[in-house]
Number of protein chains: 2
Amino acid sequence: MALEHAILVSLLEKPGSGYELARRFERSIGYFWTATHQQIYRVLKRMESDGWIDVREVPQQARPDKKEYSVAALGRAALSQWLHEPIEPESVRHELAVKIRGAAFDDPAALIREVERHRQAHTERLARYLAGERRDFTGPEAPATPDAGQELQHVVLRGGIAYERMTLAWLDDVLATLHRLGPAG
Amino acid sequence: MALEHAILVSLLEKPGSGYELARRFERSIGYFWTATHQQIYRVLKRMESDGWIDVREVPQQARPDKKEYSVAALGRAALSQWLHEPIEPESVRHELAVKIRGAAFDDPAALIREVERHRQAHTERLARYLAGERRDFTGPEAPATPDAGQELQHVVLRGGIAYERMTLAWLDDVLATLHRLGPAG
DNA sequence: CTTGTCTATGCAACGAGTTGCATAGCAGGA
DNA sequence: TCCTGCTATGCAACTCGTTGCATAGACAAG
């Protein structure tokens with residue numbers, strides 16, 4: 001399981017509440033791992049009872065109190081151990097590809113709109129990633145001499161950018177193929 | 001759920017048994033969707049009881065008998081309906097990226113071997129994809145005028161090839177970054 | 001004749017992930 | 001005052017996916 005380890009990494013980068021973690025999983029961490037708030041709250045409970053993380057009740061004004069979690073020694077050790085274990089290269093799950101191959105048994109042209117929708121979504125993601133890169137790494141506000149953590153965050157973000165660019169080029173290939181099949185038959 | 005739809009597509013391309021489907025999920029369909037044999041058998045049962053597929057007992061010599069499944073009218077309709085429904089652009093789950101960002105709180109250089117292992121695995125995948133492409137689409141044995149189904153299979157395979165090439169380039173970037181961090185600190 | 005391997009199917013238990021719902025404090029606007 | 005929206009946490013039920021195990025026929029190697 002990687003969710004608990006993703007949470008450890010995020011809490012090491014900055015302690016926070018379940019709610020805050022959920023929002024991070026919609027942005028920076030979300031570039032490479034997703035999770036809903038229900039999943040996060042459940043795992044936080046388990047990690048706390050396993051002694052991986054510590055809790056601190058934080059009273060707030062103008063909003064409900066929150067529980068701020070931070071990584072305990074046991075959690076750090078668990079992360080370190082996991083980092084030294086080999087993992088399997090991930091297996092792909094690409095629903096759109098299932099649809100594309102399925103289109104052979106339906107009307108290929110009917111998929112064009114769907115593929116264009118996906119293209120739009122990936123265009124937006126790429127724009128977000130590039131904006132984040134400028135803000136944190138390549139723009140004028142970025143640190144002149146980044147530390148190891150920033151270097152590693154940047155290389156992961158470059159992976160996201162490369163993925164989105166590759167996907168956009170492929171979706172164009174898919175669209176061209178669908179258009180070619182449409183009129184001809 | 002896309003597993004049942006992936007199975008429908010595969011059975012439309014060619015009827016087969018659960019065992020045969022499991023092997024297809026290790027190769028061609030495995031390029032974009034994975035499943036174990038247990039998952040496949042379970043879903044086949046459900047699809048059969050829902051009337052999506054038909055079964056035929058096939059006695060065999062020199063090996064156990066098998067159940068050959070083929071797509072029924074209801075299954076074809078279900079696939080067609082699904083093809084016309086919009087789906088969400090997939091969310092990413094990249095365990096290695098979690099590790100890379102986690103390396104900031106451990107020894108970055110310790111990850112080098114792991115990343116090299118992944119690089120090797122992706123190199124092999126790319127070679128398999130390219131061999132498949134030559135065999136089925138671009139080589140001398142390939143059909144001169146492919147039909148819609150073959151065109152669509154090819155464009156999906158091109159997506160897999162593009163993904164592996166992008167991943168290899170990124171892993172080189174990761175390795176360069178880890179080497180840079182190693183000596184310096 | 002035993003052991004291992006390949007084909008072929010399946011159960012049981014568990015863990016991961018999703019969906020729907022519920023609660024509650026506080027702020028701002030109609 | 002009521003409604004909406006944001007912060008903040010959580011339960012319950014369900015589906016999806018993984019892991020371990022079991023069975024069984026046939027063949028090949030030792």
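Everything numeric here is computed off the predicted structure, so don't read it as measured data.

1. Focus: the protein's contact with DNA strand C
Here comes step 1: Residues in close proximity to DNA strand C total 20 residues, the closest being M1(A), S17(B), G18(B), Y19(B) and K66(B).
Here comes step 2: Going through the elements one at a time, α3 (37–49) of chain A together with α2 (18–24), α3 (37–49) and β2 (66–71) of chain B are the ones with two or more residues in the surface near DNA strand C.
Here comes step 3: Taken together, the residues of the surface near DNA strand C sort by class into 7 nonpolar, 8 polar and 5 charged.

2. Thoughts on the UniProt feature "domain: Transcription regulator PadR N-terminal" (unreviewed entry) in chain A
Here comes step 1: Within the UniProt annotation, "domain: Transcription regulator PadR N-terminal" (unreviewed entry) is assigned to residues 7–80 of chain A.
Here comes step 2: Helix makes up 47% of residues 7–80 of chain A and strand 16%, and the two end C-alpha atoms of the span are 13 Å apart.

3. Structural notes on helix α6 (residues 112–138) of chain A
Here comes step 1: Its 27 residues place the ends of α6(A) 36 Å apart at the C-alpha level, agreeing with the 39 Å of an ideal helix rising 1.5 Å per residue.
Here comes step 2: Taken residue by residue, α6(A) has H118(A), R125(A) and Y129(A) as its buried positions.

4. Some details on the UniProt feature "domain: Transcription regulator PadR C-terminal" (unreviewed entry) in chain A
Here comes step 1: The UniProt entry lists residues 92–178 of chain A under the feature "domain: Transcription regulator PadR C-terminal" (unreviewed entry), expressed in the numbering used here.
Here comes step 2: Along residues 92–178 of chain A one finds 76% helix and 0% strand; the C-alpha atoms at either end are 23 Å apart.

5. Things to note about the packing of helix α5 (residues 95–102) of chain A against helix α1 (residues 3–13) of chain B
Here comes step 1: The interhelical angle for the contact between α5(A) and α1(B), taken along N-to-C directions, is 30°, at an axis separation of 10 Å. Accordingly, the angle class assigned to the pair α5(A) and α1(B) is roughly parallel. The way α5(A) lies across α1(B) gives a crossing that is left-handed. Across the interface between the two elements, V98(A), R101(A) and G102(A) of α5(A) pack against H5(B), A6(B) and V9(B) of α1(B).
Here comes step 2: The residue makeup of the contact of α5(A) with α1(B), split by class, is 3 nonpolar, 2 polar and 1 charged.

Definitions and limits used
- Residues numbered from 1 in each chain as written.
- Chains lettered and ligands numbered in written order.
- Predicted model: local features only at pLDDT ≥ 70, side-chain atom pairs only at ≥ 80, totals over all residues.
- Near = placed C-beta within 6 Å.
- Helix = DSSP H or I, 4+ residues; strand = E, 2+ residues; numbered from the N terminus.
- Nonpolar A, V, L, I, M, F, W, Y, C, P; charged D, E, K, R; others polar.
- UniProt positions renumbered as here; feature names shortened; annotations may be inferred.
- Expected span 1.5 Å × (residues − 1).
- Buried ≥ 20, exposed ≤ 12 C-beta atoms within 10 Å, placed from the backbone.
- Axes fitted to C-alpha atoms, helices over the stretch in contact; angles between N-to-C directions.
- Parallel < 35°, antiparallel > 145°, perpendicular 65-115°, else oblique.
- Left-handed = near helix turned anticlockwise from the far one by under 90°.
- Contact = placed C-beta atoms within 7 Å.

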